[in-house]
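# Overview (structure and organization)
Next come the chains, spelled out residue by residue.
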Amino acid sequence: MKHKLFLTLIVLTALLLSISRLDGTQRETGRQQLEQALRRTALACYAAEGAYPPSVEYLERHYGLQYDRSDYTIHYMVSASNLMPDITVLVNSHETD
Amino acid sequence: MKQTESRWTALLCLLVFTLFALCLLLVLLTGAEGYRLLTDRGEEHYARRTAARYLTTRVRQAEAVHLEDFSGYPALVLEETAEGERYITRVYCHGGWLRELYSLPEGAFSPEDGEKLLEADSLTLKQEGSLLGAELSLRSGEPIVLWLELPGEKEAIP
C-alpha cells in the first residue's frame, strides 16, 4: 500500500514538473515567434514605404501586428529610417504575491 | 473459465485503447503536416511579395540608378542626396541573402558588410535602354523577374 502511494506521488510530481516546464518552453517559443514577426513586418514596411517603421504602435496600426502585452515586452530602438531597428522581446514574469 | 474471460476482456480493452491512441497520433501528424505546408506556402508568398516590392520601391525612390560589379557580385547601385551629401545604396546577393549596403560612394566595404534582408540565392541584373531587368532567385519557388523603368529616363509626352 505504501509503495503504491509513494509511486503515485512520484508520478504526480513528475507530471506537474513536466507541465510547468512545458509552459516555460511555450513562452520562449512565443517570444521567438514574436521577434521574428516583428522583423518580418518591419521589413515589409521598409519594402512598401522605403523606411523602417518608427514604432511598434505603427506596426500595430498599419500592419495588423498583434501581441499579448501581459506576456511580452518589446524593446524597439530606431537608429535610422533605413536601418533595421534593434528589436528585443522579453517574456514578462507572472509572479504571484 | 472466468479467468480466461477476464483476460480476454482486459486484452480487448487494451487493444481498443491502443487503436484510439494510434488514431489520435495519426490525426496529430496529419494536422502538423498540413500546418507545415501552410506555413511554408505563407513564407514563400511573403518572400516573393516583399522582395518584389522592395526592389520596386528602392528603384523608384532613387535619384539615379546604375549597375556595377561589387567584388564579383552584380549589384544595383541607387544614388541619393541627404543633407547635401551624396550617398549610395548597393543591393546585391551574398552568402545566401539579399543584402543592402548604405555608404558614401568612396567607402571601402566588402560584400559581408551589407545588411541582410531576405534569403535569396542570386540576383541577376541587366539594363536594356531605359529598362532595368532584375531576376532574383529565392530559396523556394520560381525566381522573381522584374522590369523597372529607371528614374529620370521617362520622356515628356508632347
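Worth saying up front: this structure is predicted, and the values here are computed from it rather than measured.

### Points about the overall build of chain A
Counting its secondary structure elements, chain A contains two helices and two strands. For chain A, the sequential pattern of α-helices and β-strands runs α-α-β-β. Compactness check: chain A gives a C-alpha radius of gyration of 20 Å against a globular reference of 13 Å for 97 residues, more than 25% above the reference. Buried residues in chain A amount to 30% of all 97 residues. A total of about 6800 Å² of accessible surface is found on chain A, and carbon and sulfur atoms cover 59% of it. Charge separation in chain A, taken as the distance between the mean sites of 9 positive and 11 negative side-chain charges, equals 11 Å.

### Overview of the pattern of salt bridges
Residues and elements named next belong to chain A. Here the structure, examined in full by the defined rule, presents 13 salt bridges over all chains. Between Arg39 and Glu35 there is a salt bridge, and its shortest N-O distance comes to 3.3 Å. On the criterion of helical spacing, the pair formed by Arg39 and Glu35 is a turn pair, its members being four residues apart in helix H1 (residues 2-49). Of the residues examined, Arg39 reaches a relative accessible area of 33% and is grouped as partly exposed. Residue Glu35 is classed as buried on the basis of its relative accessible area, which comes to 17%. In this structure, a network of salt bridges that share partners links the residues Glu28, Arg31, Glu35 and Arg39.

### Let's talk about the interface of chain A and chain B
One frequently used descriptor of interface size is the decrease in accessible area upon assembly of the parts. Facing twelve residues of chain A, the contacting portion of chain B comprises 13 residues. For the pair chain A and chain B, the summed buried surface comes to about 1100 Å²; carbon and sulfur atoms form 50% of the total. Across the pair Glu43(B) and Arg40(A) runs a salt bridge whose closest N-O atoms are separated by 2.6 Å. At the surface where chain A touches chain B, the tally comes to six residue pairs in polar contact (both at pLDDT 80 or more).

### Thoughts on the sheet that holds strand S2 (residues 73-82) of chain B
Hydrogen bonding along the main chain pairs the strands of a sheet, whether they run parallel or antiparallel. All names here are of chain B. In spatial order, the strands read S1-S2-S3-S4-S5-S6-S7; together these seven strands make up an open sheet with antiparallel pairing. Unpaired on one side and paired on the other, strand S1 (64-70) and strand S7 (144-149) mark the two borders of the sheet. Pairwise comparison of adjacent strand axes, ignoring direction, gives a mean angle of 35° for this sheet. Pairing of strand S4 (residues 97-103) with strand S5 (residues 115-128), which is carried by four bridges, proceeds in the antiparallel orientation. Directly across from Leu98, in S5, lies its bridge partner Leu118.

### Concerning the side chain of Thr50(B)
Structurally, the position occupied by Thr50(B) is in helix H1 (residues 2-61). Not counting residues within four places of it along the chain, the set of residues in contact with Thr50(B) comprises Leu43(A), Ala44(A), Ala47(A) and Leu118(B).

### A short note on H1(A)
Across its 48 residues, H1(A) extends 70 Å between first and last C-alpha, which sits within 8% of the 70 Å expected from 1.5 Å per residue. Positioned one or two residues after H1(A), Gly50(A) has a phi angle of 80°, which is positive.

### Here we look at the confidence of the model for chain B
All names here are of chain B. Averaged over chain B, the pLDDT score is 89; the fraction of residues at 70 or greater is 94%. A low-confidence stretch, residues 154-158 stays under pLDDT 50, and its non-local contacts, those more than four residues away or across chains, total one contact. Of the two predicted TM-score estimates for the complex, the pTM is 0.79 and the ipTM is 0.77.

### Observations concerning the packing of aromatic side chains
Enumeration according to the criterion identifies four aromatic pairs over all chains in this entry. Where Phe70(B) meets Tyr92(B), the ring centres are 5.0 Å apart and the plane angle is 70°; that geometry is what we call edge-to-face. In this pair, Phe70(B) is assigned in strand S1 and Tyr92(B) in strand S3 (residues 85-94), connecting sequence segments 22 residues apart. Taken as a pair, Phe70(B) and Tyr92(B) share a single burial class, namely buried. By the ring-pair criterion, three or more aromatic residues cluster together here, those being Tyr46(A), Tyr52(A) and Tyr54(B). The ring of Tyr46(B) has Arg40(A) sitting right over it, with the charged end atom 4.0 Å from the ring centre. The ring of Phe70(B) has Arg90(B) sitting right over it, with the charged end atom 4.7 Å from the ring centre.

How each quantity is defined
- Residues numbered from 1 in each chain as written.
- Chains lettered and ligands numbered in written order.
- Predicted model: local features only at pLDDT ≥ 70, side-chain atom pairs only at ≥ 80, totals over all residues.
- Heavy atoms only, no water.
- Helix = DSSP H or I, 4+ residues; strand = E, 2+ residues; numbered from the N terminus.
- Rg over C-alpha atoms; globule rule 2.2 N^0.38 Å.
- Buried < 20%, exposed > 50% of the residue type's maximum accessible area, 1.4 Å probe, protein only.
- Areas by Shrake-Rupley, 256 points an atom, 1.4 Å probe, with all protein chains shown as cover.
- Lys, Arg positive; Asp, Glu negative; His and termini not counted.
- Charge placed at Lys NZ, Arg CZ, Asp CG, Glu CD.
- Salt bridge = Lys/Arg side-chain N within 4 Å of Asp/Glu carboxyl O.
- Contact = heavy atoms within 4.5 Å.
- Buried area = accessible area lost by both parts, 1.4 Å probe.
- Polar contact = N/O pair within 3.5 Å; in protein donor to acceptor, adjacent residues only side chain to side chain.
- Pairing = 2+ DSSP bridges.
- Axes fitted to C-alpha atoms, helices over the stretch in contact; angles between N-to-C directions.
- Expected span 1.5 Å × (residues − 1).
- pLDDT = per-residue confidence, 0-100.
- Phe/Tyr/Trp six-rings, centres within 6.5 Å; stacked < 30°, edge-to-face > 60°.
- Lys NZ or Arg CZ within 6 Å of the ring centre and 35° of its normal.

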